[in-house]
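Listed here are the chains, written in short residue letters.
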Amino acid sequence: MAEVILMPRLSDTMTEGVIAAWHKKVGDTVKKGDLLAEVETDKATMELESYKDGVLLHIGTEKGGKLQVNDLLAIIGTKGEDISSLIKSGGQAAAKSESKKPEPKKETAAKSAANKQTEKASQPATATATLDISKMDEVVLMPRLSDTMTEGVIAAWHKNVGDKVKKGDILAEIETDKATMELESYKNGTLLYQGAAKGENIQVNALLCLIGEKGKVDVDAVVAAAKGGVSSQPAVSSQQSEADSSKAPEQTETKTEQSTDEPARSNGNGRLKASPLAKKLAKEKGIDLKAVHGSGDGGRIVKADVDSFSSQPAAGSQQTATPAKQAPTSSPQPVAKFTPATEEKFTDTPNSQMRKTIARRLGESMFSAPHFYLTMEINMDNAIAARTQMNEFSPVKISFQDMTIKACAMALRQHPAVNSSWMGDFIRTYHHIHIGSAVAVPEGLMVPVIKFADQKSFSQIAAEAKELYGKARDKKLQPHEFSGNTFTISNLGMMDIEEFTAVINPPDSCILAVGKIKEVVIKKDDGFGVTNIMKVTLSCDHRSVDGAVGAAFLQTVKKFMEHPIGMLV
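So, how was this worked out
Residues numbered from 1 in each chain as written. Predicted model: local features only at pLDDT ≥ 70, side-chain atom pairs only at ≥ 80, totals over all residues. Heavy atoms only, no water. Helix = DSSP H or I, 4+ residues; strand = E, 2+ residues; numbered from the N terminus. Buried < 20%, exposed > 50% of the residue type's maximum accessible area, 1.4 Å probe, protein only. Contact = heavy atoms within 4.5 Å. Areas by Shrake-Rupley, 256 points an atom, 1.4 Å probe, with all protein chains shown as cover. Pairing = 2+ DSSP bridges. Axes fitted to C-alpha atoms, helices over the stretch in contact; angles between N-to-C directions. Arc of directions from axis to C-beta. Patch = residues over 30% accessible without salt bridge, like charges linked within 9 Å, V, L, I, M, F, W, Y side chains within 5 Å. Salt bridge = Lys/Arg side-chain N within 4 Å of Asp/Glu carboxyl O. Expected span 1.5 Å × (residues − 1). Core = buried A, V, L, I, M, F, W, Y, C linked by side-chain atoms within 4.5 Å. Polar contact = N/O pair within 3.5 Å; in protein donor to acceptor, adjacent residues only side chain to side chain. pLDDT = per-residue confidence, 0-100.

As a further point, take the overall build of the chain. For the chain, the helix and strand inventory stands at 12 helices and 26 strands. Burial statistics for the chain: of 569 residues in total, 44% are counted as buried. Restricting the contact set of the chain to residue pairs at least 6 apart, pairs at least 24 apart contribute 63%. Surface exposure of the chain reaches about 30,700 Å², of which carbon and sulfur atoms provide 53%.

Quick look at the structure:
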């Protein structure tokens, strides 16, 4: 299936990008990680890599052309595939012809800095309060790293105040509402200021850090301007950061862990070079990362290195059980006096960005959308038999969830009113069918999206769903893989739940809650027999979907599930 690549937001203030060069042309084979193009942003010219394999079928504009963020940049798919509908739905990007002229060359960093210093010297001291920091080359604002992100948490700093920074160096790890992502520097210089400490929240477009030439940037003036304009968490001054770096527990621990015999895998800070996912997997498996050989750039440890590593459990990983204290007994007394073995206590766990976003969005859904619920029983005997037969031929195992996705997608064709969103002054009815399939992860709930599910076979749905579920659990989903849903399915049948109701996942009008398949005794002919029943409950937004419409949709889903052959013709 062809994949649309939109113009990403490659810097904190980027609104549009200019194609400086294409490294692939239409018709070329593209592999994951191949360099597709160079994009000139408002900050720098950055390389854009492909995140999938296939053939480059379409480009949104030629070299020198300009594209807005989220405009259609490219389409990658299978040779000969019909992409006319994708080009049409990709927005206005393909039709933009006025963007052919390249942008004028930007001032060099040195010239820009010199001009800024000249301007600053000619301005009165009171003008610093009105300084426009968004136009300063040295300023790095918190970028919007996912479609629903409003703030980020500093998971880790990879550079400290005073450290030299090169273009491409990892500055920090940012925890968003979707994943923990690495933030790279797009310029060279010295880290002069950090806008928040590890573990602190910082709003999108708030001052994240300053990178420039020491002594040539008025840090206090920039910080004052940032506080006067953008609301953010309390900033860490350069003097505070330098002083605190010697006593911060995290940094002290990092220095202790430095290994002199493995300098290739540590940066100048002494921090072990490993991806967040590699660190997470190593922690779960009890693997000491210092014993793992990194295959990434500069010896950086990646997920594959941890997966392929085999050794004895890290020292100290074994725990010795401590027997619980026995309550003192007294022979003269028939019942021993109770002595609690522990004290009253509790643990407060800060909410992750993902958990905060789930709470906000589902709270808005539950208390703004008038929910009503429709429950129906589906006989699964034929579905069980059909699945067994299909799995004899399918290259990937087909699950009952995959069959439910297909049944709902085909039912939405016949009942487009369910494939809709309440937009306040109007109801938006989608012509495409994108099914969200909820997946439980430790931080909350992710909803990978199977796009154009009505057009895909059972095997294609099964293969794509398996890949997306794995990415969701590893926190590797890309924004285009968890957005755009028009209908959602939540399945708790595998957890032995017979029946439940689900909260509508915005912007959908409906969500289907699927329970387990249960054997029940029924009357058959002159006797009794066993049949398999699955209960489903449809939650509907009464503003856009009426009861009769929802009921008719469920009847069609029931027909497809009870007669799976109907989904093959």
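Turning to the environment of Ala552, a few remarks are in order. Note on placement: Ala552 falls in helix α12 (residues 547–562). On the basis of relative accessible area, Ala552 is assigned to the partly exposed category, the value being 24%. For Ala552 and Gln414, which are 138 residues apart along the polypeptide, the C-alpha to C-alpha distance reads 9.6 Å.

Attention shifts here to the sheet that holds strand β5 (residues 45–49). Reading across the sheet, the four strands line up as β5-β4-β2-β7 and stay open at both edges, with antiparallel pairing between neighbours. One side of each edge strand has no neighbouring strand; the edge strands of this open sheet are β5 and β7 (66–68). Each neighbouring strand pair of the sheet contributes to a mean axis angle of 40°, computed without reference to strand direction. As defined by bridge partners, strand β4 (residues 35–40) adjoins β5 across five bridges and the pair is classed as antiparallel. Paired with Glu40 across the bridge in β5 is Thr45.

Here we take up helix α9 (residues 381–390). Three- or four-residue spacings in an α-helix give side chains the same orientation, since the helix completes a turn every 3.6 residues. Of all the residues in α9, the buried ones are Ala383, Ala386, Arg387 and Met390. Buried residues of α9, viewed axially, fall in a sector of 100°; they line one side. Lining the buried residues of α9 we find α10 (400–414), α11 (458–473) and α12.

Turning to the pairing of β4, a few remarks are in order. By the bridge criterion, four bridges tie strand β2 (residues 16–22) to β4 in an arrangement that is antiparallel. Looking at β4, one finds that Ile19 is bridged to Val39.

On the surface, a nonpolar cluster with roughly 400 Å² of combined accessible area is contributed by Met366, Phe367, Tyr373 and Val503. Relative to the helices and strands, Met366 is located in helix α8 (residues 353–368). Given the relative accessible area of 34%, Met366 is considered partly exposed.

Taken together, the four strands give an open sheet; going across it, the order is β1-β8-β6-β3, and neighbouring strands pair in antiparallel fashion. Each having just a single partner strand, β1 (3–6) and β3 (29–30) make up the two edges of the open sheet. By the bridge criterion, four bridges tie strand β6 (residues 54–59) to strand β8 (residues 72–77) in an arrangement that is antiparallel. Bridged to His58 within β8 is Ile75.

Any two side chains of opposite charge can pair, on the condition that their charged atoms come close. Evaluation of the coordinates by the stated rule reveals 15 salt bridges. Where Glu16 meets Lys66, a salt bridge forms, and the shortest distance between an N and an O atom there is 3.6 Å. Taken as a pair, Glu16 in strand β2 and Lys66 in strand β7 lie far apart in primary sequence, 50 residues in all. Salt-bridge contacts for Lys471 lead to Glu481; the nearest nitrogen and oxygen are separated by 2.8 Å.

On to α12, then. Between its first and last C-alpha, α12 extends 22 Å over 16 residues, near the 22 Å set by a 1.5 Å rise per residue. Gly550, Phe553, Leu554, Thr556, Val557, Phe560, Met561 and Glu562 are the residues of α12 that are buried. Those residues of α12 that are buried lie in contact with β17 (371–379), α9, α10, β24 (487–491), β25 (510–524) and β26 (527–541).

Let us look at the nonpolar core. Judged by nonpolar contacts, the single largest core of 51 residues is most densely connected at Ile435, Phe487, Leu512 and Phe553. No other element matches the eight residues that α10 contributes to this core. If you look at the next biggest cluster of nonpolar residues, it comprises 21 residues, including Trp157, Leu171, Leu191 and Ile211.

Between Pro506 and the following residue, Pro507, the backbone shows a cis peptide bond with an omega angle of 10°. Structurally, the position occupied by Pro507 is in the loop between β24 and β25. Non-glycine residue Asp496 carries a positive phi angle of around 70°. Note that Asp496 resides in the loop between β24 and β25. Residue Asp496 is classed as exposed on the basis of its relative accessible area of 53%.

This brings us to the pairing of strand β20 (residues 434–437). The alternating pattern of β20 places His434 and Gly436 and Ile435 and Ser437 on opposite faces, both of which are buried. Summarising the sheet, β20 and strand β23 (residues 449–451) pair through three bridges and their orientation is antiparallel. The partner of Gly436 across the bridge, within β23, is Val449. Direction of pairing for β20 relative to β24: parallel, over a ladder of three bridges. Counted as the bridge partner of Ile435 is Phe487 from β24.

A separate point is the side chain of Glu151. In this fold, Glu151 is placed in strand β10 (residues 151–157). Side chain to side chain, Glu151 and Asn201 meet in a polar contact 3.0 Å long. If we ignore the near neighbours within four places in the chain, the residues touching Glu151 are Asn201, Ile202, Gln203, Val204, Gln353 and Lys356.

All right, on to the confidence of the model for the chain then. Model confidence for the chain is summarised by a mean pLDDT of 80, while 78% of its residues fall at 70 or above. Counted against residues more than four places away or in other chains, residues 91–129, with its pLDDT under 50, gives 43 contacts.

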